[in-house]
Amino acid sequence: MKAIISAVLVLGLGSFARAEDKANPVGTWKCEYSIGDQKRTAELVVTKDGDTLVGVMNWPDQKDVKVKDLRFKDGELSFSAVRKFMDNEIAIGYKLKVEGDKLKGKAATEFGGEKREFDIEGKREKK
């Protein structure tokens, strides 16, 4: 009986590890978020350069902004990007959980001495 339980646990844990390994941030992500009552969109493009992940953010009025400190570990994608708005440069930090073709998480920034955080969701674009 112990052998059967051990085998089930090993197989179950092995399946869990494989599912986690399948989380993949590479792709083009169409993202949506709200600031106040205004709905906004952005596009995140993550690619691989050898073994290193690289990415760019695109907003409707700002394109090809290279992301910084891009990391992917345990299904979580984190990075920062600088958003130009009028005469301001706003650094935004992102922490997003990748689950299949969806991502969901938070973005945080400081603007005018005030910390702000907002929810962000995205879907991987099918090609």
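Here goes a summary of the coordinates provided. Everything numeric here is computed off the predicted structure, so don't read it as measured data.

Glancing now at the sheet that holds strand β7 (residues 88–99). Judged by pairing direction, the sheet is antiparallel, and its nine strands sit side by side in the order β4-β3-β2-β1-β9-β8-β7-β6-β5 without closing on themselves. Two strands close off the open sheet at either side, each with one partner strand: β4 (62–66) and β5 (68–73). Ignoring which end each strand starts from, the neighbouring axes of this sheet average 25° apart. Bridge count between strand β2 (residues 38–49) and strand β3 (residues 52–59): seven bridges; the pairing is antiparallel. Counted as the bridge partner of L44 is M57 from β3.

All right, on to the nonpolar core then. Grouped together as the largest cluster of nonpolar side chains are 24 residues, with contacts concentrated most on L44, M57, W59, F79 and Y94. Looking at this core, the elements with two or more residues in it are β1 (27–35), β2, β3, β6 (76–85), β7, β8 (102–111) and β9 (114–124). Setting aside residues up to four positions removed in sequence, L44 forms contacts with G27, T28, W29, C31, V56, M57, V67, L77 and F79.

For the rest of this paragraph, the subject is the environment of Q62. Relative to the helices and strands, Q62 is located in strand β4. Between the alpha carbons of Q62 and K84 there is a distance of 7.5 Å; along the sequence they are 22 residues apart. Dropping the residues within four chain positions of it, Q62 is found in contact with M57, V82, R83 and K84. In terms of polar contacts, Q62 uses its side chain to reach the backbone carbonyl oxygen of V82, at 3.4 Å.

Attention shifts here to the side chain of R83. Relative to the helices and strands, R83 resides in strand β6. For R83, the side chain forms a polar contact with the side chain of D61, separated by 2.9 Å. Polar contacts involving the side chain of R83 include one to the side chain of Q62, which spans 3.1 Å. Ignoring any residue separated from it by four or fewer positions in sequence, one finds R83 in contact with W59, D61, Q62, N88, E89, I90 and I92.

This brings us to unusual backbone geometry. Phi is positive for D74, close to 55°, though the residue is something other than glycine. Tracing the chain through its elements places D74 in the loop between β5 and β6.

The subject of this paragraph is the pairing of β3. With respect to burial, β3 is a largely interior element, six of its eight residues being buried. If you look at the hairpin formed by β2 and β3, you'll find two residues sitting between the two strands, and G50 has a positive phi there, around 70°. Of the pairings in the sheet, the one linking β3 to β4 comprises three bridges and is antiparallel in character. By the bridge assignment for β4, W59 is matched with Q62. If you look at the hairpin formed by β3 and β4, you'll find two residues sitting between the two strands.

To continue, consider the packing of aromatic side chains. Using the criterion set out here, one finds two aromatic pairs in the structure. Centroid distance Y33 to F118: 5.0 Å. Interplanar angle 25°. Geometry classified as stacked. Here the residue Y33 occupies a position in strand β1, and F118 occupies one in strand β9, the gap between them amounting to 85 residues. Here the aromatic rings of F79 and Y94 are separated by 4.6 Å at their centres, their planes lie at 15°, and the arrangement is stacked. Of this pair, F79 sits in strand β6 while Y94 sits in strand β7, and the two are 15 residues apart along the sequence. Pair check on accessibility: F79 and Y94 agree, each one buried.

What counts as what
Residues numbered from 1 in each chain as written. Predicted model: local features only at pLDDT ≥ 70, side-chain atom pairs only at ≥ 80, totals over all residues. Heavy atoms only, no water. Pairing = 2+ DSSP bridges. Helix = DSSP H or I, 4+ residues; strand = E, 2+ residues; numbered from the N terminus. Axes fitted to C-alpha atoms, helices over the stretch in contact; angles between N-to-C directions. Core = buried A, V, L, I, M, F, W, Y, C linked by side-chain atoms within 4.5 Å. Buried < 20%, exposed > 50% of the residue type's maximum accessible area, 1.4 Å probe, protein only. Contact = heavy atoms within 4.5 Å. Polar contact = N/O pair within 3.5 Å; in protein donor to acceptor, adjacent residues only side chain to side chain. Phe/Tyr/Trp six-rings, centres within 6.5 Å; stacked < 30°, edge-to-face > 60°.

Geometric values such as these leave the question of function open.
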